[in-house]
Amino acid sequence: MKIHSSVVKYYFIFFFKGLCYNFTMFGNLFDEDFSFLSINQCGKPKLKHKDAELLVPRESTNLSGIKNQGGTCYLNSLLQTLLFTPEFREALFSIGPEELGSLEDNSKPESKVRIIPLQLQRLFAQLLLLDQHAASTTDLTDSFGWNSNEEMRQHDVQELNRILFSALETSLVGTSGHNLINQLYHGTVVNHIVCKECKSVSERQEDFLDLTVAVKDVSGLEEALWNMYVEEEHFEKDNLYRCGACNKLVEATKSAKLRKLPPFLTISLLRFNFNFEKCERYKEISSYAFPIRINLKPFCEQTEVDDFKYMYELFSVIIHKGGCYGGHYHVYIRDIDELGNWQVLEEINMNDEDKDLKDIENAKEKENPLRILRNILLEEESKEIAVDRLAQKLLEKIRVSWNKKYRKQHGPIRKFLQSHSPTFLLSSDESKVKLNDRHKLHFGFASQSNPQNHEVKMSSEKPTTGLREYSSESHWFDLNDSKVQPIREQEIEKQFQGNESAYMLFYRQSQMTRPSEARGNPRYRVPIHLLNEMDAANIKLQKKRAEYDLANNNIDLHLHIFSHYKFYNGALHPVVSQKESVLDLTIDKRKTLGELQQLVFQLLEFWEGNLVLSLAKPLPAGLHIYQTLEGADSTLSGIGLSDGANIFVWNGKEVDGVEVLTGIDHEPVLINVLHLAGHNEGRVGQQFMESQHVFPCSSNLRAICDALMSPKGIVLKNHSGSEKDSENWKVIPEEDMKQTLRNIGLKNGSSILVLDSHDQSMVNVAGGNLTAFTHDISWLQVKNFCRLEAEEIQVKITATIETVMADIRIKAIEEMQLDKELVNNSCLRPVGRNGKLLCPVPEDYTVKEAELKMGSLLGLCSGKAPTATEIFLYYIVGHELQSSPEIEIVLEETTTVRECLNLMLKKSGLAGDNWHLRKIDWCYEAGDALSEETATLKELNICSGDILNVAEGKLPSKGFLKVSVWWYKAFFSQSRHRRNRQDQGNSVCKKMEALGLSASGDTPTFLQSEVDLCYVGDIEISEDAFLEDLKMQVMTLPFSEEFSIPLPEFLRVWTMENKCPCRLLRNNKQQLHKFKLGNRVEICIEPLHKEENLGPKDLLLRVQMGIPGERDYYHPVDLVWDISKECTACALRQIIASYYSLPAEQIEMAKYSPEKFEWIPICSWTQQVSKRKKKKKGDSLQLSPYSLKDGDIIGVKNLLLDGSKDFSTMKDDIGKQMQKQLAMDKTSSQKPDCVQNDHYSEKKMAKNRKPEAALSISVGVFS
């Protein structure tokens, strides 16, 4: 029963002890709010975890992340950068729906909706205003035309930046935002080449949206820009320049300058390079510094403008972590409009700021050898010191030598200094080193002069600063897909080098200012329609969160009313059904216990006296009360009530007049008590008498034995839960018999074995374990088959796996009170499931050695059991194996095959030498003949219980073959076929209806016929004879009289396998032993209407033409195809088309696989081969997937009459359905025994890298 309170008034009816109690509950009857009750379990299900993820609000940073679709971290990083570029964001928002269209009109065929900028606007609005932890880019990537594979594949963020800008430019053609990208990101570079002879200048201007700078062998950004836009390239010696004015090769200088700077400067770092020696790509992870503020004046063409127009500030760093073939992107972004809450980091770390900075510096000095060596050289007064002295200084500074800490990774110190030549300068003999003056530039030192050109200065009046100067003014965040966290500006220095390092830098002009109303205002310049959409979405989110909060904080309580229970056997048991005895209540776990008590009291109007709520728990023994809930002011979650808790409602003392003991000390325990059953008790194979008893956990074992009427019994405890192994049972010592069940470790479901005095012989009390295998202490059934008495007697004999069979036999004779003479002339034989008496068991075998299961039935039979050197065999006379009786015989294992055959013939009353022996296999079919007549049974591995077949017919002499001949007619005659046509059609339809299939079209008028085989006799022929001789002998058999076979060439010979034609024997002059047929083989003979002599390169195919409009075929024809030249699909198409006088392009072919009931189309038109290229061997139809061989069926469709390319027939549908049903039956029968094993899946080889795919964005055409 469930409590509901979502409406004002309810009527409840409870049945207690057969009485009906009615009461009414009004919503305005109490001052308290009972809205925390719900109908959750009867109404909506609780929200799943995946739904809850969608409702997670923003974290303390008040910024939204972006979900990763599988490989879109590069897209997420770029989108966050564009979002936190206010000028880009606002310019995009300024383009209205009247120019871009509406997303609702996208499905209309004639509308031109600029879907990409619309989806980008919507995404930006969600990131700014929607109160969610992370936004989804699915709609945006769908507008790109990306599929799921593209979303799972990672691309280069630099490539995406250019492609996305191009897509936006194309999408905004004809709108007010057509020049958006150029206004914000477009710049120009001018290249000059100056002729040294005529001084003429050649100028070429280039546009750019981003600059690509080198990383290899460069210490930082400013040095890279210096190399690109300050240093000159000289054309001289062998590398001269052709001057247009001089019209000859001259010496010249080449230089480049930045002519026009964009408001936003995007810089891409060339981290990925190619090693031509190793022929592989690699990522450059060396140190590469870049400043927070940079003055670009030294690199520009026009310098008469004020310096502040050349000052740029870093506001985004896209970081790549990983190698050149994969990794992960995230981005550091400066929050220019202060939209996020960055003060959280300040408040948490304010007191430990100095300590954190010091720890960061110490960690860097210990980990970065470049920085350590540079600092050592900066501290030296002299400009140059010895390399050995530098190594000593390093040891003194970090207390670890170079060889111990860095040699393994960086090599010797001199090699390290050489590899960082831009930073360090070695003397000519490499004994001394000094710091490169130019290297000081990017570490915050002003360069007073340019080493190449003293007229150009590297810095303005205010020198380029380090990273810490502006940290108090900047709010930086790390946006890593869905995760957003504040960082300090100093964190950027960590991205100078390593596997996780800066990949793209975004700078903005310092002179660009933001309006005061934009600060901390995410709604600034957002279009009104997007504001309304986000407001409505937030309302929906708040509603869903409220529903989730209610569902997440509601708990279901099961109230057990005392009047529905009685106390007996140490536990509470319901007197009515479970449904009637339990009252289900859903309540907010934030409510107090007092409120719960008041609610229960008001629900149970009949209640009188104290109302106590106690925590209970259903146990195997019944319901048990553990503790009374106390603390009226405590919340339900605070007192430990969880979802699904059981509450017992009572007076706190008694139930139905019986005092109830509560608490964990009185917990009832259900124990499985086992006794060894007597031999006349229980059913077949029963091991124990088992009964269940309930005891308080404080009871001692001695009291339990008294209660079980076994005061002197020995108790064994099963400590592993398995009753099958004797070592799992341990004797409980006498001194532990007074301990409680809990102290001994017995709990619900535990088993104890109580042995009475007469069973204690199986226990080694000193060793503390069983001496017998308790799982096998049971019985064997013995039945009298001696027929000495009027009726058969069956008894049960107690035995263990170590009991000897002779003892079981003697004990059975005694208990059945049979004649004592049988003791010396009887044996025990197991009885099979079908009632068959199996071979006798040797007398000296134990039950285990005889592989007998407990409860097995044995037959007491006359006659002695075979000795260790004797073999008990069955044999059957004749070819009718299923109907002929089995005869028993005991032979010595040294008996030869000839002697064995004679003894069996003598026992069967047969004579003559026209017999031989065969061994019957597990399928109960006659196997290979025992041709070695002088070999013993032991040598041929003939064992007791084997079945032999005394077959008629003398084995061929050595060097001869015994050939069984079958008459094979591949298809029925046309007349017979036409007579049975309608009957076969009706049969197929009935089979299809039985399988639940429906036939498409009318009932077919023709069905493919099956192979017809008929046994005609045996022949004996020499292995050295020819195939032609074999055919001649076959022609002498009686069946050939039905046909006029003039010559052997009118016969076709097939070998047989599983009663089906298998291999075609060709070349009449071939000796039989070269066919490797075996000494007894089955062949089938196919009569022909004309002479045939197939060559080694002739392929025999059964070709059948499809009947137009029907799922069936005409009578097949034999087609002999010479494949000596080629065996290709094109050649087969030509020969079949020629046979049917049809154009080759108007037929379709397919090969039939009868074992799968499938047709494999044979295609040739796509296999065009160049004349210059030789035809590959892989085109041969004799290879996979066709594997053409003699006798294969080829289906042909005439496209002039039948446009259907479906080769299957109704018979194929039935066959497939039958195979599917058999597979399902086999799977269902094997399913319980299947155990999943992931061992091999864990060791899968790593896949080769897939080829890189180009990144693209699909854009419509706009004008």
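None of these values were measured; they are calculated from a predicted model.

**Side note on the overall build of the protein**
When you go through the protein residue by residue, the secondary structure sums to 30 helices and 58 strands. For the protein, the residues scored as buried account for 45% of the 1263 residues in total. In the protein, 70% of the contacts between residues at least 6 apart in sequence involve partners at least 24 apart. When the accessible area of the protein is evaluated, it comes to approximately 67,500 Å², of which 49% is carbon and sulfur surface.

**Focus: the pairing of strand 13 (residues 272–275)**
The side chains of a regular strand alternate, first on one face of the sheet and then on the other. Direction of pairing for strand 13 relative to strand 14 (residues 280–283): antiparallel, over a ladder of four bridges. From the neighbouring strand, N273 faces strand 14, where its bridge partner is Y282. With antiparallel pairing between neighbouring strands as the criterion, strand 13 and strand 14 make up a hairpin whose turn holds four residues, including C279 at a positive phi of roughly 55°.

**Some points on the sheet that holds strand 6 (residues 201–208)**
Spatial strand order, 6-5-11-8: four strands in an open sheet with antiparallel pairing. Edge strands, defined here as strands with exactly one partner in the open sheet, are strand 6 and strand 8 (233–235). Each neighbouring strand pair of the sheet contributes to a mean axis angle of 25°, computed without reference to strand direction. Judged from the three bridges that link them, strand 8 and strand 11 (residues 252–260) form a sheet pairing that is antiparallel. Across the sheet, residue H234 finds its bridge partner in strand 11, namely T253.

**Overview of the side chain of T81**
Relative to the elements of secondary structure, T81 occurs in helix 2 (residues 73–83). On the accessibility criterion, T81 (1% relative accessible area) is buried. Engagement of the side chain of T81 in a polar contact is seen with the side chain of S316, the distance being 3.0 Å. Beyond its immediate stretch of four places on either side in the chain, T81 contacts F315, S316, I318, V331, I333 and F506.

**Considering the side chain of S826**
Its location among the elements puts S826 in strand 42 (residues 826–830). Note on S826: relative accessible area 4%, which makes it buried. Here R809 takes part through its side chain, which lies 2.8 Å from a polar atom of the side chain of S826. One polar contact links the side chain of S826 to the main-chain carbonyl oxygen of L822, over a distance of 2.4 Å.

**Description of the environment of E90**
The residue E90 is located in helix 3 (residues 86–93) in this model. Take E90: its relative accessible area is 10%, and that puts it in the buried class. Expressed as a C-alpha distance, the spacing of E90 and V526, which sit 436 residues apart in the sequence, is 7.5 Å.

**Considerations on the sheet that holds strand 54 (residues 1098–1105)**
What the five strands build is an open sheet, ordered 55-54-58-56-57; its pairing is mixed. Strand pairing shows two members of the sheet lacking a second neighbour, strand 55 (1117–1122) and strand 57 (1158–1162), which therefore form its edges. Between one strand and the next, the sheet's axes are offset by a mean angle of 35°, whatever the strand orientation. Sheet topology note: the strand 54/strand 55 ladder contains six bridges and is antiparallel. By the bridge assignment for strand 55, L1099 is matched with W1121. Sitting on the sheet, helix 28 (residues 1129–1140) is in contact with strand 54, strand 55, strand 56 (1147–1153), strand 57 and strand 58 (1192–1198), with an inclination near 135° to strand 55.

**Here's the deal with the packing of aromatic side chains**
Per the counting criterion, the structure on display carries 23 aromatic pairs. Aromatic pair F290 and F496: ring centres 4.9 Å apart, planes at 70°, arrangement edge-to-face. On the criterion of sequence distance, the pair formed by F290 in the loop between strand 14 and strand 15 (293–295) and F496 in the loop between strand 22 (483–487) and strand 23 (500–509) is long-range, its members being 206 residues apart. Between W402 and Y406, the aromatic rings sit 5.1 Å apart at their centres with planes inclined by 45°, giving tilted as the arrangement. Note on accessibility: W402 and Y406 belong to one class, buried. An aromatic cluster is present here, built from F88, F124, F165, Y185, F264, F315 and F506 joined pairwise through their rings. The side chain of R281 reaches across the aromatic face of Y325, ending 5.7 Å from its centre. Over the ring of F1207 we find K1197; its NZ or CZ atom is 5.9 Å from the centre of that ring.

**A look at helix 28**
The end-to-end C-alpha distance of helix 28 is 17 Å, a good match for the 16 Å that 12 residues give at a rise of 1.5 Å each. Along helix 28, the positions that sit buried rather than exposed are A1129, A1131, L1132, R1133, I1136 and A1137. Residues of helix 28 that are buried sit in contact with strand 54, strand 55, strand 56, strand 57 and strand 58. Positive phi shows up at S1141, right after helix 28, with a value of about 55°.

**Comments concerning helix 27 (residues 1027–1034)**
Two residues of an α-helix separated by three or four positions point the same way, owing to the 3.6 residues in each turn. Regarding helix 27, the residues found buried are L1027, L1030, K1031 and V1034. Looking straight down helix 27, one finds that the buried residues subtend no more than 100° of arc, so they occupy a single side.

**A look at the environment of V658**
One can find V658 in strand 32 (residues 658–659). Considering only alpha carbons, one finds V658 and F567, 91 residues apart in sequence, at a separation of 6.8 Å. Residues within four places of V658 in sequence aside, it is in contact with F567 and K653.

**Observations regarding the pattern of salt bridges**
Within this structure, the stated rule accounts for 38 salt bridges. Among the ionic pairs, R414 bridges to D388, the shortest N-O distance being 3.8 Å. Here R414 is found in helix 17 (residues 413–419), whereas its partner D388 is found in helix 14 (residues 387–398), with 26 residues between them in sequence. For D388, a relative accessible area of 56% corresponds to the exposed category.

**Notes on the packing of helix 3 against helix 5 (residues 115–129)**
Packing of helix 3 against helix 5 brings their axes to within 10 Å, and their N-to-C directions diverge by 125°. Overall, the two elements helix 3 and helix 5 adopt an arrangement that is oblique. In this structure, the crossing between helix 3 and helix 5 has a hand that is left-handed. When helix 3 is examined against helix 5, the residues F88, R89, L92 and F93 are found in contact with a partner set consisting of P117, L120, Q121, F124, A125 and L128. A breakdown of the residues in the contact of helix 3 with helix 5 according to their chemical character gives eight nonpolar, one polar and one charged.

**Looking at the nonpolar core**
Membership of the largest hydrophobic core comes to 67 residues, with the highest contact counts inside it found for F88 and F124. If you tally residues by element for this core, the top one is helix 5, at 10 residues. Excluding residues within four positions of it along the chain, F88 makes contact with L82, L120, F124, L168, L180, I181, L184 and Y185. Core analysis: the second largest hydrophobic core is formed by 39 residues, L221, L225, F290 and Y312 among them.

So, how was this worked out
Residues numbered from 1 in each chain as written. Predicted model: local features only at pLDDT ≥ 70, side-chain atom pairs only at ≥ 80, totals over all residues. Heavy atoms only, no water. Helix = DSSP H or I, 4+ residues; strand = E, 2+ residues; numbered from the N terminus. Buried < 20%, exposed > 50% of the residue type's maximum accessible area, 1.4 Å probe, protein only. Contact = heavy atoms within 4.5 Å. Areas by Shrake-Rupley, 256 points an atom, 1.4 Å probe, with all protein chains shown as cover. Pairing = 2+ DSSP bridges. Axes fitted to C-alpha atoms, helices over the stretch in contact; angles between N-to-C directions. Polar contact = N/O pair within 3.5 Å; in protein donor to acceptor, adjacent residues only side chain to side chain. Phe/Tyr/Trp six-rings, centres within 6.5 Å; stacked < 30°, edge-to-face > 60°. Lys NZ or Arg CZ within 6 Å of the ring centre and 35° of its normal. Expected span 1.5 Å × (residues − 1). Arc of directions from axis to C-beta. Salt bridge = Lys/Arg side-chain N within 4 Å of Asp/Glu carboxyl O. Parallel < 35°, antiparallel > 145°, perpendicular 65-115°, else oblique. Left-handed = near helix turned anticlockwise from the far one by under 90°. Nonpolar A, V, L, I, M, F, W, Y, C, P; charged D, E, K, R; others polar. Core = buried A, V, L, I, M, F, W, Y, C linked by side-chain atoms within 4.5 Å.

On their own, these measurements won't tell you what the molecule is for.
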